[in-house]
Amino acid sequence: MADTHQEQLLSDLLRDVARDDERLEAPHLEARILASASLPERARSARSRAWVMWPVAAAAVFAVAVTFRPKPDTTNRAVQDSTEVAVAESSPAPVRKQLEAARKQPVRSVRLQPDRSARGVRLQPERSRQSDPDLRAQAPERATVESPVAHSQIEFVPLLPMTEQELAGPFQIVRVQMPGASLGSLRSPLVLPNEMIEADVLLGEDGRARAIRVNTSGSIYPWRPR
Amino acid sequence: MTNDPSDPELLERMAAGDREALAIIFRRHHRTVYRFSRQMLGSKEAAEDVTQDVFVALTRSANRFNPAVASLSTYLYGIARNLVLQQYKRSKARIEISIDTIFHEEDAALATAADPAESISRTQMTRQLRLAIFRLPVHYREVVVLCELNGLSYEEAAQVAGCPVGTIRSRLSRARQMLIERCRALMNVESAAEKEHQSEEEVGKRWLILTKNNC
């Protein structure tokens, strides 16, 4: 009898608790849930966009690579793997004079320009076009249109420091074909390491390479007209 | 004549990206989920977190819901139960701290009661009962919460708990026995108070107030 009464009392109390708890609600959670819930449609569209974007990006990269890919030099393809000596010219007197002049100037490199009349190599120190009135008078239009790429077209980069005796020459210029990786830090980032490039190497009398000039009319700068 | 869409229809719309469908589902079911979480955990903040996680989980696993097996509310109870059990494993101390939150709300309700003396005694009883429910082992507590406080049938509670109906029956019976044992002293006092109330209404009511305050 007592147990029945206690059971009944417990049931009543449980009903009271349940009735009290009916007031419990948290409507303010709606905004939080709607903000934090990522619905499948949105997730699916994001995933599909990702699946579309990746092929498009890959195609764009491929198109850029094909556009700027160096065109193979059909005339030299047969001998690409061999080192080729193309030019061997020397002219000690003008070279020495210009190298000495170049040493007196605070320059980082020397520019060699072929002297067709003398059939030799003429070294000319790189001077500031702004400070040299002769250069300004000779080629004022070049000062405005010359790009860094065009500038590097005729620039020899020293490979070894030259002594007084070595400056006397004679020099030889050897045109070689070599893998792009051989340039080391001089290699343009657009040149692949296994790509064959063409360069002019300035050889001293002892046969050591003193300076190198990448032939920009070759295949390593394909955006430039040949 | 109402044209309220059914839960499966709303779930289909929600799966197609309809946020309004999610909002309707939330308004329809958030009370049951929140109440269950709060009754199990005793903490307002923890219950809100669980409620939010339940509906976020629903958006991710809406395709797992099979209306032929159970109702959406039962499905949500199941998700909430799993999250509550995870919460239990992480922190058991939170329950003891947060009981006061519920008591404060009851005190606020007391102030508006018509008969303060009777309300005080009833509130004391329900407080003790809540405390006893919170101190039940979790498997017994969930059965009491589901069947007694939320009105689920044994079959629905078995689906939520993932156990046979017989287990629910036996757990509920055992849980009620435990609650009676833990509140026995209180109930004896209550029984005596009722007898007094029948014979001498005024005197008994005063006595009831005194005994409840001493408990």
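Scroll up a little and you will see the structure.
Below you will find a few notes about this structure. Throughout, residues of each chain are indexed from 1 in the direction in which the sequence is written. Each chain takes a letter, starting from A, and each ligand takes a number, starting from 1, following the order in which they are written. Totals for whole chains, interfaces and linings use all residues, but because this is a predicted model, local features are given only for residues with pLDDT of at least 70 and pairs of side-chain atoms are given and counted only at 80 or more.

### Some words on the overall build of chain A
No. 1: Per the convention used, a helix needs a DSSP run of H or I reaching at least four residues, while a strand needs a run of E reaching at least two, with both numbered from the N terminus. Counting its secondary structure elements, chain A contains eight helices and six strands.
No. 2: Considering only intrachain contacts with a sequence separation of at least 6, the fraction spanning at least 24 residues in chain A is 62%. Working definition of a contact: two residues with C-beta atoms, positioned from the backbone, lying within 7 Å.

### As for the overall build of chain B
No. 1: Scanning chain B from terminus to terminus reveals 11 helices and zero strands.
No. 2: Reading chain B from its N terminus to its C terminus gives the helix and strand order α-α-α-α-α-α-α-α-α-α-α.
No. 3: With C-beta atoms placed from the backbone, a residue is buried if 20 or more other C-beta atoms are within 10 Å of its own, exposed if 12 or fewer are, and partly exposed between those counts. Among the 215 residues that make up chain B, the fraction classed as buried is 38%.
No. 4: Taking the contacts inside chain B whose residues are at least 6 apart along the sequence as the reference set, 62% of them involve residues at least 24 apart.

### A look at helix α8 (residues 154-161) of chain B
Residues and elements named next belong to chain B.
No. 1: Every buried residue of α8 is accounted for by Glu 156, Ala 157, Ala 158, Gln 159 and Val 160.
No. 2: On its buried face, α8 sits against α4 (72-90), α7 (138-149) and α9 (165-182).
No. 3: Immediately downstream of α8, the backbone of Gly 162 shows phi near 70°, a positive value.

### Digging into the pairing of strand β6 (residues 209-214) of chain A
All names here are of chain A.
No. 1: The buried count for β6 comes to five of six residues, which makes it a mostly enclosed element.
No. 2: DSSP-based pairing: two strands are paired if at least 2 bridges between them are found. In the sheet, strand β3 (residues 155-158) pairs with β6 via two bridges, with the strands oriented antiparallel. Across the sheet, residue Pro 158 finds its bridge partner in β6, namely Ala 211.
No. 3: Where strand β5 (residues 196-203) folds back on β6, the antiparallel hairpin that results is connected by five residues, among which Gly 207 adopts a positive phi of roughly 90°.

### Here we look at the interface of chain A and chain B
One widely used convention gives an interface's size as the accessible area the parts lose upon coming together.
No. 1: Facing the 26 residues of chain A at the interface are 34 residues of chain B.
No. 2: Taken together, the elements giving at least two residues each to the side of chain A that touches chain B come down to α1 (2-21), α2 (29-36) and α3 (40-67) of chain A.

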